[in-house]
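Fold and contact review
Each chain is listed here by its residues.
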Amino acid sequence: GRLKSMILVFAGLFLAVQAVEYANPLVPNTNLPDPGALVVDGLYIMIATSMGEIDRFPIYSSKDMATWTFMNYVWPHGAGQPRWAKTDFWAPEIHRIEDRWQLYFTARDLSGRLCIGVAYSNGSVFGPYTDSGACLVRDPNVGFIDATVTRDANGENYLIWKEDDNDVGIEHCHIWLQRMYPDGLTMDPTSDRTLLIINDLPWEGPIVEAPWIVQRDGFYYMFYSANACWNESYSVGVARAPRLTGPWVKQPTPVLRANDHWAGPGHCAVIQTSEPVPRWVMLYHSWMRPQIGWDYKRLFLQDEVHWDVATGWPYMDGGSPSWGPMPVP
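Residues numbered from 1 in each chain as written. Predicted model: local features only at pLDDT ≥ 70, side-chain atom pairs only at ≥ 80, totals over all residues. Heavy atoms only, no water.

**Examining the state of the cysteines**
Operational definition: In plain terms, two cysteine sulfur atoms within 2.5 Å form what is called a disulfide here. Secondary structure is summarised from DSSP: a helix means a run of H or I of at least four residues, a strand means a run of E of at least two, and numbering begins at the N terminus for each. Partly exposed describes any residue whose relative accessible area lies between the buried limit of under 20% and the exposed limit of over 50%, with all areas from a 1.4 Å probe on protein chains only and scaled to the type maximum.
Here the structure, examined in full by the defined rule, presents one disulfide. Shown here is the disulfide that connects cysteine 115 with cysteine 135, its sulfur atoms set 2.4 Å apart. One end of the pair, cysteine 115, is in strand β8 (residues 114–121); the other, cysteine 135, is in the loop between β9 (130–131) and β10 (144–151), and 20 residues separate them in sequence. Cysteine 173 forms no disulfide, and the closest cysteine sulfur to it belongs to cysteine 229, at a distance of 9.4 Å. A relative accessible area of 0% places cysteine 173 in the buried class.

**Overview of the sheet that holds strand β11 (residues 157–163)**
The cut-off we apply is this: Strands are labelled as partners when DSSP assigns at least two bridges between them. Note on geometry: axes are C-alpha line fits, over the in-contact stretch for helices, and angles between N-to-C directions span 0 to 180 degrees.
Sheet architecture is open: four strands sit in the order β10-β11-β12-β13, paired in antiparallel fashion. One side of each edge strand has no neighbouring strand; the edge strands of this open sheet are β10 and β13 (194–198). Taken over all neighbouring pairs, the strand axes of this sheet differ in orientation by 25 degrees on average, direction set aside.

**Focus on the nonpolar core**
Just so we agree on the cut-off: As used in this record, nonpolar core signifies buried Ala, Val, Leu, Ile, Met, Phe, Trp, Tyr and Cys residues forming a set joined through side-chain atoms within 4.5 Å. Contact criterion: two residues are considered in contact whenever any of their non-hydrogen atoms come within 4.5 Å of each other.
Trp68, Phe223, Val270 and Met282 are the most contacted members of the largest nonpolar core, which totals 38 residues. Breaking this core down by element, the ones donating at least two residues are β3 (43–47), β14 (208–216), β15 (219–226), β16 (235–241), β18 (262–272), β19 (280–288) and β20 (299–307). Ignoring sequence-local partners within four residues, the contact set of valine 270 consists of Trp212, Val214, Phe223, Trp280, Val281, Met282 and Val305.

**Quick notes on the environment of methionine 46**
Its place among the elements puts methionine 46 in strand β3. Along the sequence, methionine 46 and arginine 151 sit 105 residues apart, while their C-alpha atoms lie 20 Å from each other.

**Focus on the environment of tryptophan 176**
We apply this condition: As used in this structure description, the phrase polar contact means that two N or O atoms lie within 3.5 Å; if the pair is within protein, one of them must be able to donate a hydrogen and the other to accept it, and residues adjacent in sequence are counted only when both atoms belong to side chains.
By secondary structure assignment, the location of tryptophan 176 is in strand β12 (residues 174–179). Counting along the chain gives 57 residues from tryptophan 176 to alanine 119, while the straight-line C-alpha distance between them is 21 Å. Those residues within four positions of tryptophan 176 in sequence are excluded, and the remaining contacts are Leu159, Ile160, Trp161, Glu163, Arg193, Thr194 and Leu195. A polar contact is formed between the side chain of tryptophan 176 and the side chain of glutamate 163, at a distance of 2.8 Å.

**Points about the pattern of salt bridges**
This is how the line gets drawn: For this document, the term salt bridge refers to a Lys or Arg side-chain nitrogen within 4 Å of an Asp or Glu carboxyl oxygen.
Under the criterion given, the structure shown has eleven salt bridges. Salt-bridge contacts for arginine 289 lead to glutamate 232; the nearest nitrogen and oxygen are separated by 3.1 Å. With arginine 289 in the loop between β19 and β20 and glutamate 232 in the loop between β15 and β16, this pair connects stretches of sequence that are 57 residues apart. Take arginine 289: its relative accessible area is 27%, and that puts it in the partly exposed class. Glutamate 232 sits in the partly exposed class, given a relative accessible area of 39%. Of the charged contacts, one joins glutamate 304 and arginine 279 as a salt bridge, the two residues approaching to 3.2 Å between their closest N and O atoms. With glutamate 304 in strand β20 and arginine 279 in the loop between β18 and β19, this pair connects stretches of sequence that are 25 residues apart. Of the residues examined, arginine 279 reaches a relative accessible area of 37% and is grouped as partly exposed. Connected through shared salt-bridge partners, Lys162, Asp164 and Glu209 make up one network.

Structure representation (structure tokens):
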């Protein structure tokens with residue numbers, strides 16, 4: 001009896017160890033670009049771009065960061081989607097603001113201009129989501145895309161987004177910051193827009209975009225993507241600042257770039273895992289070689305973010321996506 005009990009205990013431990021491995025891609029053979037992510041009561045949630053599909057914004061969840069399960073679309077078959085938007089539903093993120101779940105996203109409006117929208121759910125993080133009724137930020141001359149939200153030291157909510165300058169032939173892309181009203185549904189017109197970064201490093205090429213901000217040890221860290229999102233040069237960079245408004249200082253080289261298996265890793269979210277030992281994880285998309293370019297799926301990946309004890313800067317093992325089984329962070 002005792003031997004049998006011990007065997008069962010060891011078998012259970014073995015299975016537990018086996019269960020805490022993952023392998024990229026997390027959802028095989030599925031196009032899931034631009035993942036946004038959050039943790040809700042120990043449940044990991046990811047939401048992705050839906051490209052041209054009529055089902056808008058797929059949501060997945062995971063209890064262990066190894067197995068991801070499709071939950072639902074925000075607007076299945078377009079039902080409930082914003083009346084002001086027609087196509088290109090990109091770069092969704094869900095944030096908790098005031099007692100609501102708020103979905104920030106990019107879409108092309110009826111005039112053909114890309115702009116930032118926001119919808120809200122008073123109930124479940126999975127929806128249903130009701131659109132606010134209009135673009136949150138828009139410019140008649142250039143697209144606005146890739147919105148994220150963060151809070152400053154005073155608990156005020158700020159929207160950060162990309163001015164899509166490369167789309168209209170402007171040399172430098174701008175990442176902007178502006179305060180919102182506390183409800184996160186409207187911008188504060190008394191708040192000036194602040195320029196955070198532009199593409200000014202050689203490796204960044206024509207683009208900086210997809211900002212995501214975390215706070216750690218007295219700094220704001222911005223993970224952003226740069227270079228050509230249509231080929232393998234796309235990579236993730238990082239900048240940091242003592243205040244949201246800056247000054248922002250960049251690491252000179254990417255924190256994540258292509259390797260022999262993966263091409264064009266980018267557009268990431270960075271979250272902390274639940275207890276007992278919180279770790280930082282980057283969730284992002286990448287092409288799997290040799291299938292590179294818009295005709296192929298951008299797959300959903302994750303890898304742990306480490307922090308240099310001496311400098312405080314983040315780094316990734318090998319500086320590129322993992323291949324094969326890995327321990328869950």
